[in-house]
Protein chains: 2
Amino acid sequence: MEIIESTQNKRIKNWKKLLTRKGRKKQSKYIVEGPHLVEEAMKSQAVIESLIISSEKIEAYASYHEKAEFDVAVVTRDIIKLLSDSVTGQGILAIIKMPEKVKELSGLRPVLMLDEIQDPGNLGTLIRTADAAGFEGVILGEGTVDLYNSKALRSAQGSHFHLNIIHDDLKKWITAFSEKNMPVFGTALDERAISFREVEPMNRFGLIVGNEGNGVNASLLEKTTENLFIPIKGQAESLNVAIAAGILMFALYR
Amino acid sequence: MEIIESTQNKRIKNWKKLLTRKGRKKQSKYIVEGPHLVEEAMKSQAVIESLIISSEKIEAYASYHEKAEFDVAVVTRDIIKLLSDSVTGQGILAIIKMPEKVKELSGLRPVLMLDEIQDPGNLGTLIRTADAAGFEGVILGEGTVDLYNSKALRSAQGSHFHLNIIHDDLKKWITAFSEKNMPVFGTALDERAISFREVEPMNRFGLIVGNEGNGVNASLLEKTTENLFIPIKGQAESLNVAIAAGILMFALYR
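Residues numbered from 1 in each chain as written. Chains lettered and ligands numbered in written order. Predicted model: local features only at pLDDT ≥ 70, side-chain atom pairs only at ≥ 80, totals over all residues. Heavy atoms only, no water.

## Observations concerning the sheet that holds strand 11 (residues 206-210) of chain B
Residues and elements named next belong to chain B. The line we're drawing: When DSSP finds at least two bridges between two strands, those strands are taken to pair. In this description a helix means any DSSP run of H or I spanning at least four residues, a strand means any run of E spanning at least two, and both kinds are numbered starting from the N terminus. Whether two residues are in contact is decided by their heavy atoms: any pair within 4.5 Å suffices. Axis definition: a line fitted to C-alpha atoms, limited for helices to the stretch in contact. Angles are taken between N-to-C directions and run from 0 to 180 degrees.
An order of 8-7-6-11-9-12-10 is seen for the seven strands of this open sheet, with the pairing classed as parallel. With partners counted over all chains shown, the strands left at the sheet margins are strand 8 (164-167) and strand 10 (194-195), one partner each. Where strand 9 (residues 184-187) meets strand 12 (residues 226-229), three bridges bridge the pair, whose relative direction is parallel. Counted as the bridge partner of threonine 187 is leucine 228 from strand 12. Sitting on the sheet, helix 10 (residues 241-252) touches strand 6 (111-115), strand 9, strand 11 and strand 12, and the angle it makes with strand 11 is about 165°.

## Comments concerning the sheet that holds strand 7 (residues 137-140) of chain A
Residues and elements named next belong to chain A. If you trace the seven strands from one edge of the open sheet to the other, you get 8-7-6-11-9-12-10, paired in parallel fashion. Two strands close off the open sheet at either side, each with one partner strand: strand 8 (164-167) and strand 10 (194-195). Looking at chain direction, strand 10 and strand 12 (residues 226-229) are connected through two bridges and run parallel. Opposite isoleucine 194, over in strand 12, you have leucine 228 as the bridge partner. Lying over the sheet, helix 6 (residues 120-132) contacts strand 6 (111-115), strand 7, strand 8 and strand 11 (206-210), oriented at roughly 170° with respect to strand 6.

## Comments concerning the relation of the copies chain A and chain B
Condition: A least-squares superposition brings the copies together, and it is based on the C-alpha atoms of residues with pLDDT no lower than 70 in both.
Between the two copies, chain A and chain B, the superposition gives an RMSD of 0.0 Å; the rotation angle is 180° and the shift along the axis is 0.0 Å. Taken together, the rotation and translation relating the two chain copies correspond to the operation of a two-fold axis. Most of the interface of chain A is mirrored in chain B, where 100% of its interface residues are also at the interface.

## Points about the interface of chain A and chain B
Rule in force here: When two parts are put together, the accessible area they lose, computed with a 1.4 Å probe and summed over both, is reported as buried area. Under the rule applied, a polar contact is a pair of N or O atoms within 3.5 Å (in protein, one hydrogen donor and one hydrogen acceptor; residues adjacent in sequence only if both atoms are side-chain atoms). Residues are grouped as follows: Ala, Val, Leu, Ile, Met, Phe, Trp, Tyr, Cys and Pro are nonpolar; Asp, Glu, Lys and Arg are charged; all remaining types, including Gly, are polar.
The interface is formed by 31 residues belonging to chain A together with 31 residues belonging to chain B. In total, chain A and chain B occlude about 2600 Å² of area from one another, counting both sides; carbon and sulfur atoms represent 57% of this. On the surface where chain A and chain B come into contact, there are 16 residue pairs in polar contact (both at pLDDT 80 or more). In the side of chain A that touches chain B, the residues fall into 12 nonpolar, 11 polar and eight charged.

## So, the environment of His65(A)
All names here are of chain A. Our working definition: Whether a residue is buried, partly exposed or exposed follows from its accessible area with a 1.4 Å probe, protein chains only, as a fraction of its type maximum: under 20%, in between, or over 50%, in that order.
Along the chain, histidine 65 falls in helix 4 (residues 62-65). Since its relative accessible area comes to 18%, histidine 65 is described here as buried. Separated by 140 residues in sequence, histidine 65 and phenylalanine 205 place their C-alpha atoms 42 Å apart. Ignoring anything within four residues of it in the chain, the contact list for histidine 65 reads Leu51, Ile53, Ile58 and Val72. Here the side chain of histidine 65 touches isoleucine 58 through a polar contact of 2.8 Å, landing on its backbone oxygen.

## Overview of the domain arrangement of chain A
Residues and elements named next belong to chain A. Quick reminder of the rule: Domain start and end points were adopted from an automatic or database domain assignment. We define a salt bridge as a contact between a side-chain nitrogen of Lys or Arg and a carboxyl oxygen of Asp or Glu at a distance within 4 Å.
Entries for chain A in the domain assignment read domain 1 (3-97) and domain 2 (111-252). Of note, the centres of domain 1 and domain 2, computed from C-alpha atoms alone, are 31 Å apart. Counting residues at the interface gives 14 residues for domain 1 and 13 residues for domain 2. For the pair domain 1 and domain 2, the summed buried surface comes to about 1100 Å²; carbon and sulfur atoms form 57% of the total. It is Arg21, Tyr30 and Leu37 that lose the most area in domain 1 upon contact with domain 2, and together they represent 42% of the buried surface on that side. Our enumeration of links across domain 1 and domain 2 arrives at one salt bridge. Summed over the shared surface of domain 1 and domain 2, the result is five residue pairs in polar contact (both at pLDDT 80 or more). Of all the secondary-structure elements, those providing two or more residues to the side of domain 1 that touches domain 2 are helix 2 (21-27), strand 2 (29-33) and helix 3 (34-43). Residues that form the side of domain 1 that touches domain 2 fall into these classes: six nonpolar, three polar and five charged.

What follows is the structure in structure tokens.
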């Protein structure tokens, strides 16, 4: 068994570049960390380029590499650390190819649209929650944090493998939904919005949630079918965006 | 204007101890960071012992210290950094006394009960969401992460000032609620639980959510009035605990 020990090894150097958005984009690959995400990748349609295992964990992760139909690299613990963003490294990583072509969104089930979400933890939780709610997909509007950021992937807990996730212009999609007579709901705190409790559950719609500080852009809110708010009873000024989206997704789609 | 410059200053050394749970407990004080939390502290019943401002921000924060009825300490930027847990320090902190005596929970509005919540971000978001949902208070069961952890306070965004929050034995409270004929709902994924959609909204109840990995302890679930689950439609295995609690709080209390 050959163990890669040098941080100067060419493969290691290339993989290390995947820790930045630029590097991921250039190579069209990303890293997932830990046994749960690696397992989710194996169960999914994702193309695994390499499985990277710490030499001391070779036996513990036997089930992951014994029948592997992809490249398996054994590396030192230090190299795992070098390639890992998490503090509590679990000794296993995978290099995944970004999907080349994304399936079309049919709109047969609801779609979540994200406008300039900044926090990777929020992005991941939004994706995980959309998956749990049974949504078809998520559209990441311009200015939204990178889906393949390690913190976003960790919070998504593998749900990015389950949903149809695309990067696109949200205005285009509001128009596309309107043309099919499917409503798109914005979220807003102003007087033009109605309480989400006034809307009957339905099967086909879009839901837009927005930036942590500024909410959904006004230029989008103008084009939506209706804008919704969640009535706040206490003294909190607002809800976390992932919490708000969770309440709305589970209320509007049953 | 005297500026404290030495990290060896006795007051600074005492304040620095507040960065640990042990130090906070010993001194019965905690630190809040940033203008938003300081402002929330001022608006609340909280006792502010000292306001600490970076010398370069004295003018920017004039409105905070001009009419202050408490001690104001001006310190160097490095000392702010020393006392601050956040990377993006905003140059203003306050030392707050922990409430000596907590108001009794009346149960006239719903109460959230937390069983071994580990992540400070989740704890803060749970408190913020309970506030927004109009809950009366939150009971932190044994094994729950410290409320005065800086990350928890940051996620709570000041809502810990608005709610009645106590540390106590959850079993005791389940019994107390039962004696008043108020239901306590656990959350569970097993077949003994019923869908939350089967429960009509109500005004007085307790809701227990549990540990991120293990959920609510079985010994608590045995004592509840009913245990609820959130039906999951997609391939996600579970919901984040704060998301689940948000969905339940806004569905059960309107």
